[in-house]
Amino acid sequence: MRTFRNVFRRKLRAFLTIFGITIGVFALVVMGSLAEKITLLVNGGTRFYSDKVTVSQSHEGGGFSVSPMSVSLIPKLEAMDGVQVASATISVLFDKQQGASFGVPDLINASDLRGQSLESFKVSYAQGRPLKPDDAGKAVVGSDMVRKLNAQIGSTIKVRGRDFQVVGILDKTLTIPDNSVEIPFKDAQSILYNDLPDLVKSRLDSTRLATGATVYPKPGVDPNRLAQQINDRFPGYQAVGPQKFQEQVTNSTRIFTTIVFGVALISLLVGGLSVINTMTMSVYERTREVGIRKSLGASNARIIRQFLGESAFIGGVGGVTGLALGWLFTLAANRAGESSGTEVFLLTSRLAIGSVLFAIVLGVISGLYPSWHAARLNPVKALRYE
Amino acid sequence: MSSDVRGEAQSQARSGDTRLRALDLHKTYELGKENLVHALRGASLEVAAGEMLAIMGPSGSGKSTIMHIMGCLDNPDRGEIWLGGRRVDNLKSRELNRLRSKEVGFIFQGFNLIPTYTALENVALAGEYAGMSRRRAKAVAAEALAGIGLGKRLRHHPSELSGGQQQRVAIARALVNEPGVVLGDEPTGDLDTATSHEIMGMMREINQSTGTTFVLVTHNPEVAAACDRKVCMLDGVVKRDVP
């Protein structure tokens, strides 16, 4: 209470200083939420790809562009030493015309389900059941797609103009399955076939189509080495093991995360400078008060503690306000992006607590010099100060 | 501790012991490179326990300096200060802080209350600095303020109090830790004659009822006349001891 009154002795100045910290923490919270979301996606992806090798037709550009390949690769892969099972997969964009999006785009996924029992990335079902090999016209919907498709168990959803009956709804996985719809392999082959140019279609058999393969190594076989062997054996295909995946993704996200946090920290440091300014002014204005306190026997440590308390208070109030504003902002932005599946902010508790603590620590550090200056004042001179 | 100090002061007052002794104090201030001010040039002074002493003298004679040094706010360049039988001029600043918080009280001309604090908080602050818990300090402060007739002004800020009331808050603050010595620097300087009278009367009464030693720096002959004894300072030396 006394700290509050001391800080707000000059209301406008206190308000402006706190506002400076608020802006900094706001930036840290918003930017940090963005980085946290990316980290989460990357970690999810890393888990998803942790023990298998993903094979696709090599193509330029990478990402999620679709190049069809033949399932004839599957027996060749399975003939390799370290391979237990190779499963054909299809992954195509949910909307054929979908533009750029944040993170993973909405996908239609399918698999011949041969590797189902070996899959270490277990998904759980909020409702319903997984697909079975003999299903046709059925779909399992990822958690982020439920609202978009208005899906319920037993209801019919449209996928590329075709009707599918929803048999399962997934729990949130925080990675790829969330914004995808899984359909039977044959149905996916048919969708993939229809996407192809007519010239290509005439030369292909739709039942031989896939977009990739998931290779499950035998126990004890290093998936990274296996990926390398596949790359060596099958030129024209690209095999990605867990390590490669992690390298590809982590490198690009690390730079992004560093920039994002850097920008936020710079704005916070500016806020810290204004705390130094405010506290220095405050100490000068209250020189006489420091003299009075010393005449009453206040120790240097006590004077330092008092002024540090005030600057920590400025940091803390600015931090909490910035956190609140940042929280509201990320909430609103995520709500606005919810319908399009672009929830780009993730305010984690470690980010929330970290930002406020950082603001308080910044306040304390900024208050160090002014407090030390106050404590060193000569009491007699301070008492004479007008 | 503080009641021990009180008891000691009272017994010394009865026996006529020395409460404060300044021996051959020298103090030079450097205002600029070539501008030295010799504030004290061998000032010596003894104050008996329970005594009320006035220090008079023209501006610049060293009155305030000797008061600050005797109150452990400043160190002499040379000379000795004895407070209640203990030499204090050579103590470290930590120890001086402790002495100021427990054994010395100050009253200033401009009252020197903290403007954002209430009367109660201003007085309690001295208790806190002397090591009391905040709650205890407030209780003791409320009692001290009630004792000088400000029981109904506890929550008032200095700006809401008259000059006389502010100085009474300052007196309560100086006395809340029951120090052996109260040092006043022109304690009535900012007050009108009637209020000045009232404040002097109050200090005199406290002096007589508790045995607290008072040393008052003043220009006012009436204040000096109300004291047990007065001394004069001139050019940094205590000149005359007028009985």
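Residues numbered from 1 in each chain as written. Chains lettered and ligands numbered in written order. Predicted model: local features only at pLDDT ≥ 70, side-chain atom pairs only at ≥ 80, totals over all residues. Heavy atoms only, no water.

**Some points on the overall build of chain B**
Part 1: The helix and strand inventory of chain B stands at eight helices and ten strands.
Part 2: Expected size for 243 residues packed as a compact globule is a radius of gyration near 18 Å; at 17 Å, chain B falls within 12% of this value.
Part 3: Seen through its principal axes, chain B has C-alpha atoms that stretch 50 × 40 × 35 Å.
Part 4: Scored against the burial criterion, the 243 residues of chain B give a buried share of 56%.
Part 5: Considering only contacts within chain B whose residues lie at least 6 apart along the sequence, 71% involve residues at least 24 apart. (Helix = DSSP H or I, 4+ residues; strand = E, 2+ residues; numbered from the N terminus. Rg over C-alpha atoms; globule rule 2.2 N^0.38 Å. Buried < 20%, exposed > 50% of the residue type's maximum accessible area, 1.4 Å probe, protein only. Contact = heavy atoms within 4.5 Å.)

**What to know about unusual backbone geometry**
Part 1: The phi angle at A:Arg160 is positive, at roughly 50°, despite the residue not being glycine.
Part 2: Within the secondary structure, A:Arg160 is located in the loop between β7 (156-159) and β8 (162-170).
Part 3: A:Arg160 gets classed as partly exposed once you look at its relative accessible area, which sits at 24%.
Part 4: A positive phi angle, near 50°, is found at B:Asp24, a position not held by glycine.
Part 5: Here B:Asp24 shows up in strand β1 (residues 18-30).
Part 6: Exposure remark for B:Asp24: the relative accessible area of 37% places this residue in the partly exposed category.

**Side note on the domain arrangement of chain A**
Part 1: For chain A, the assigned domains are domain 1 (2-42 + 250-384) and domain 2 (53-240).
Part 2: Computed over C-alpha atoms, the centres of domain 1 of chain A and domain 2 of chain A are 48 Å apart. (Domains from an automatic or database assignment.)

**Some thoughts on the pattern of salt bridges**
Pairing of side chains with opposite charge becomes possible as their charged atoms draw close.
Residue and element names in this part refer to chain A.
Part 1: Throughout the structure, instances matching the rule amount to 27 salt bridges over all chains.
Part 2: For the salt bridge of Glu 285 with Arg 10, the shortest nitrogen-to-oxygen distance reads 3.1 Å. Here Arg 10 lies in the loop between α1 (2-7) and α2 (11-48) and Glu 285 lies in helix α8 (residues 242-285), a separation of 275 residues in the sequence.
Part 3: For Arg 10, a relative accessible area of 45% puts it in the partly exposed group.
Part 4: Each of the salt bridges in this network shares a partner with another, and the network as a whole consists of Arg 9, Arg 286, Glu 289, Arg 293 and Glu 310. (Salt bridge = Lys/Arg side-chain N within 4 Å of Asp/Glu carboxyl O.)

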